[in-house]
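Chain by chain, the residues run as shown.
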Amino acid sequence: MIKAKGVAEVTDGNFEAEVIGADLPVLVEFTADWCPPCRQIAPVLSAIAFEEGDRLKVVQLDVDTNPLTTNAYGVLSMPTLMVFREGQPVKSMVGARSKRRLLEELADVV
């Protein structure tokens, strides 16, 4: 998995504790090693995790090694970015995007 700096990795085993039970809204990137757009968005996610860390938790989930969570949320394309608030998915976006565009899209859920 292309690890974004400052972004925690979650798994099928800890998804409930880290995402569903989180106090902050959580941006989950469903990612894979073989996904070029996932590599493109890694620095964007790192920057957002650093700048918005007090308002938003940013995590990554490798779809190849965590099929239960991937299937539970119907993720078919990488990267899928899903925002969870109070344990519920409230927004889903597919594909890499610029930092500015992602922040605009997150404005109504953070």
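Reading the values: the criteria
- Residues numbered from 1 in each chain as written.
- Predicted model: local features only at pLDDT ≥ 70, side-chain atom pairs only at ≥ 80, totals over all residues.
- Heavy atoms only, no water.
- Helix = DSSP H or I, 4+ residues; strand = E, 2+ residues; numbered from the N terminus.
- Rg over C-alpha atoms; globule rule 2.2 N^0.38 Å.
- Buried < 20%, exposed > 50% of the residue type's maximum accessible area, 1.4 Å probe, protein only.
- Contact = heavy atoms within 4.5 Å.
- Pairing = 2+ DSSP bridges.
- Axes fitted to C-alpha atoms, helices over the stretch in contact; angles between N-to-C directions.
- Core = buried A, V, L, I, M, F, W, Y, C linked by side-chain atoms within 4.5 Å.
- Parallel < 35°, antiparallel > 145°, perpendicular 65-115°, else oblique.
- Left-handed = near helix turned anticlockwise from the far one by under 90°.
- Nonpolar A, V, L, I, M, F, W, Y, C, P; charged D, E, K, R; others polar.
- Disulfide = S-S within 2.5 Å.
- Salt bridge = Lys/Arg side-chain N within 4 Å of Asp/Glu carboxyl O.

**Q** Would you mind showing me how to read the overall build of the protein here?
**A** The number of helices and strands found in the protein is 4 helices and 5 strands. The order of α-helices and β-strands along the protein, N terminus first, is β-α-β-α-β-α-β-β-α. What you see for the protein is a C-alpha radius of gyration of 12 Å, in line with the 13 Å of a compact globule of 110 residues. Split into buried and exposed, the 110 residues of the protein put 46% on the buried side. Residue pairs in contact within the protein that sit at least 24 positions apart in sequence constitute 71% of those at least 6 positions apart.

**Q** Could you clarify how one ought to interpret the sheet that holds strand E3 (residues 57-62) in this entry?
**A** Strand pairing in a sheet relies on backbone hydrogen bonds. The paired strands run either parallel or antiparallel. Across the sheet, 5 strands lie side by side as E1-E3-E2-E4-E5; this open sheet has mixed pairing. Edge positions in the sheet fall to strand E1 (8-10) and strand E5 (88-94), since each of these pairs with one other strand and no more. Strand-to-strand, the axes of this sheet are offset by a mean angle of 30 degrees, without reference to chain direction. Here E1 pairs with E3 via 3 bridges, running parallel.

**Q** Before we go on, may I ask you to explain the nonpolar core in this structure?
**A** Generally speaking, a soluble globular protein has its nonpolar side chains buried in company with each other. Counting 18 residues, the largest nonpolar core has Leu27, Leu45, Val58, Leu81, Met93, Leu102 and Leu106 as the members making the most contacts within it. Every element with two or more residues in this core is listed here: helix H2 (36-51), strand E4 (80-85) and helix H4 (99-106). Take this core: its biggest share by element is 6 residues, from H2. Excluding anything up to four places from it in sequence, Leu102 contacts Leu27, Val44, Leu45, Ile48, Leu81, Met93 and Arg97. Counting residues in each nonpolar core, the second largest holds 17 residues, with Val26, Ala32, Met78 and Phe84 among its members.

**Q** What is the right way to look at the packing of H2 against H4 in this model?
**A** Each pair of packed helices can be summarised by the angle the axes make with each other and by the distance between the axes. At a minimum axis distance of 10 Å, the contact between H2 and H4 shows a crossing angle of 55 degrees. By the criterion of interaxial angle, the relationship of H2 to H4 is oblique. Crossing of H2 against H4: the hand is right-handed. Contact residues: Val44, Leu45, Ala47, Ile48 and Glu51 in H2; Lys99, Leu102 and Leu103 in H4. For the contact of H2 with H4, the class distribution of residues is 6 nonpolar, no polar and 2 charged.

**Q** Would you mind going over the state of the cysteines with me for this structure?
**A** Structurally, a disulfide amounts to a covalent bond that connects the sulfur atoms of two cysteines. Under the counting rule described, the total for this entry stands at 1 disulfide. Two residues, Cys35 and Cys38, share a disulfide whose sulfurs are 2.2 Å apart. Where Cys35 bonds to Cys38 through sulfur, the torsion about that S-S bond is close to 85 degrees, and the disulfide is right-handed. For the pair shown, Cys35 and Cys38 are each scored as buried.

**Q** Just to check I follow, could you spell out the pattern of salt bridges for this structure?
**A** Pairs can form between side chains of opposite charge once their charged atoms are near each other. Within the structure shown, the criterion is met by 7 salt bridges. Glu105 is the salt-bridge partner of Arg97, the closest N and O atoms lying 2.5 Å from each other. In this structure Arg97 comes out as buried when scored by relative accessible area, which is 9%. For Glu105, a relative accessible area of 19% translates into the label buried. Note that Glu104 and Arg100 form a salt bridge whose closest N and O atoms lie 3.0 Å from each other. With Glu104 and Arg100 both in helix H4 and 4 residues apart, the pair spans about one turn of that helix. With a relative accessible area of 48%, Glu104 lands in the partly exposed category. Using a relative accessible area of 59% as the deciding quantity, one classes Arg100 as exposed. Residues participating in the shared-partner salt-bridge network are Arg97, Arg101 and Glu105.

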